[in-house]
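A structural walkthrough
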Amino acid sequence: AHLDRIGEVDGAVHAFLHVDAEGALAQAAAADRRRAAGKAASPLDGVPIAVKDVMTTAGLPTTCGSKILEGWVPPYDATVVARLRAAGLPILGKTNMDEFAMGSSTEHSAYGPTHNPWDLDRIPGGSGGGSAAAVAAFEAPLAIGTDTGGSIRQPGAVTGTVGVKPTYGGVSRYGLVALANSLDQAGPVTRTVLDAALLHEVIGGHDPRDSTSIDQPLPDLVAAARQGATGDLSGVRIGVVEELGGKGYQAGVLDRFRESVDLMVGAGAEVVEVSCPHFVHALATYYLILPAEASSNLAKFDAMRYGLRVVPEDIENPSAEDVMRATRDAGFGDEVKRRIILGTYALSSGYYDAYYGQAQKVRTLIARDFEAAFERADVLVSPTAPTTAFRLGEKLDDPLAMYLNDLATIPANLAGVPGISVPSGLADEDGLPTGLQVLAPATADERVYRVGAAVE
Ligand code: GLN
């Protein structure tokens, strides 16, 4: 049914870069046999899933939305993918994304944008717009995204889906093509909070192949989602973050946010105002740390090891460096080049202390803001994104305007704390989805599931 649906709508939505109908049907048939024998591999055995094209999949192309990886087929599965297979989830295919996960609209994909199923002239968020659109358009019931600065949560908000960024280290990064190692985290994209909890339990937990993986059992996320679904939040202290709301936020987004807070109060929660004064510097901090890490990660695309190789025709006996230059020039898009230049600048000697070093210090202050806020509140809440889905092309020529869409999601990545975005209703002015973000302390992911399930 999902493959049929993809056939019907994906020409217009363009959520997928690659569909593996044959593989998915074979995996589904195997799941049917297990279920018939009463031997389901997991609660999600046989439930199909779409995977963001930044996760390696053995035998299936993995492009990261970039021309530089066109035609590359990885020889191994990411741990997340291996766990999906072991749990019996048929993989429908790979979803579209901004090139190397840099962007908030999926317009930076080298393979053309994904369209928001709510309004095809609008963006589905990014960088994981393909995963969110696939779930919103009923092309897949579940998807995997990755969130470095909001790429699961912001697409969730603007497509009316649920997106979870787990605690940093809670889901293995082995086989996730790194954008920024200290910020990246894979997580669920679903239609309900309970689905997200079920999926999180499949993909999460310790992995010795990721040195930053947390070596302790996951909390009981499914139980937390079920508890939240009873609609009782008594005893829960909700912190409304003063700095995440107000200026720069669309009126209809703020209206729906206030209603969500009222809903939590009605469910018995106690609401406190909290201030996180350094959050105003989060965007600037992120856009130094991320390009620095990304420029280093992208150095491996040297025309020798992976995918594309362009040999310049205007040079006689081109050197390895000539080939590398021509390949990177043709293979990377503008946004990727912009960030490589920013990152190498921030890391260069003489500027390192002024930019990268300074950003790391501010990052610590942001983490301390979280610690102080979590003394007073069990979870923090805000709108997920400042606006509803904007029009395709609207911010493409203005990188800063694009970056501003991540205002509310970035602090969580800088501090490594978990967050969820749940649908919080349609904005009055345009009838488009808005999202409520719930953040919790590191390793307390169960809290975002409880509160998320109570208000979805
Ligand atoms: N939009 C943000 C960026 O461009 C976040 C990306 C992400 O989370 N992968 O960096």
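You'll find the structure just up there.
Keep in mind it's a predicted model, so treat the numbers as computed, not measured.

What counts, and where the lines are drawn
Residues numbered from 1 in each chain as written. Predicted model: local features only at pLDDT ≥ 70, side-chain atom pairs only at ≥ 80, totals over all residues. Near = placed C-beta within 6 Å. Nonpolar A, V, L, I, M, F, W, Y, C, P; charged D, E, K, R; others polar. Helix = DSSP H or I, 4+ residues; strand = E, 2+ residues; numbered from the N terminus. Buried ≥ 20, exposed ≤ 12 C-beta atoms within 10 Å, placed from the backbone. Pairing = 2+ DSSP bridges. Axes fitted to C-alpha atoms, helices over the stretch in contact; angles between N-to-C directions. Contact = placed C-beta atoms within 7 Å.

Glancing now at the site of the ligand. In the vicinity of the ligand lie 14 residues, with Ala101, Ser104, Thr148, Gly149 and Ser151 positioned nearest. Partitioning the shell around the ligand into residue classes produces 4 nonpolar, 8 polar and 2 charged.

Residues Gly126 and Ser127 are joined by a peptide bond in cis, for which omega reads 10°. Take Ser127: it is sitting in the loop between strand S3 (91-95) and helix H4 (129-136). With a phi angle near 70°, Thr443 is a residue other than glycine that sits in the positive phi range. Its location among the elements puts Thr443 in the loop between strand S11 (433-439) and helix H15 (445-455).

A few words now on the pairing of strand S10 (residues 419-426). Counting buried positions over the 8 residues of S10 gives 6, a clear majority of the element. One ladder, built from 3 bridges, connects strand S5 (residues 162-165) with S10; its direction is antiparallel. Each residue of the ladder has a partner; that of Val164, found in S10, is Ile420. Bridge count for S10 against S11 is 6 bridges, and the pairing is antiparallel.

With that settled, the discussion passes to the sheet that holds strand S8 (residues 270-274). The mixed open sheet is built from 11 strands, whose spatial order is S1-S3-S2-S4-S6-S5-S10-S11-S9-S7-S8. Each of the sheet's edge strands pairs with one partner strand only, and the pair in question is strand S1 (16-19) and S8. Shown here is a sheet whose adjacent strand axes are inclined to one another by a mean of 25°, direction ignored. Against the sheet, H4 engages S1, strand S2 (49-52), S3, strand S4 (142-146), S5 and strand S6 (186-190), with an angle of about 160° to S4. Contacting S5, strand S9 (379-383), S10 and S11, H15 crosses the sheet at an angle of about 10° to S10.

Note that every value here comes from positions in space, so none of it alone points to a role or purpose.
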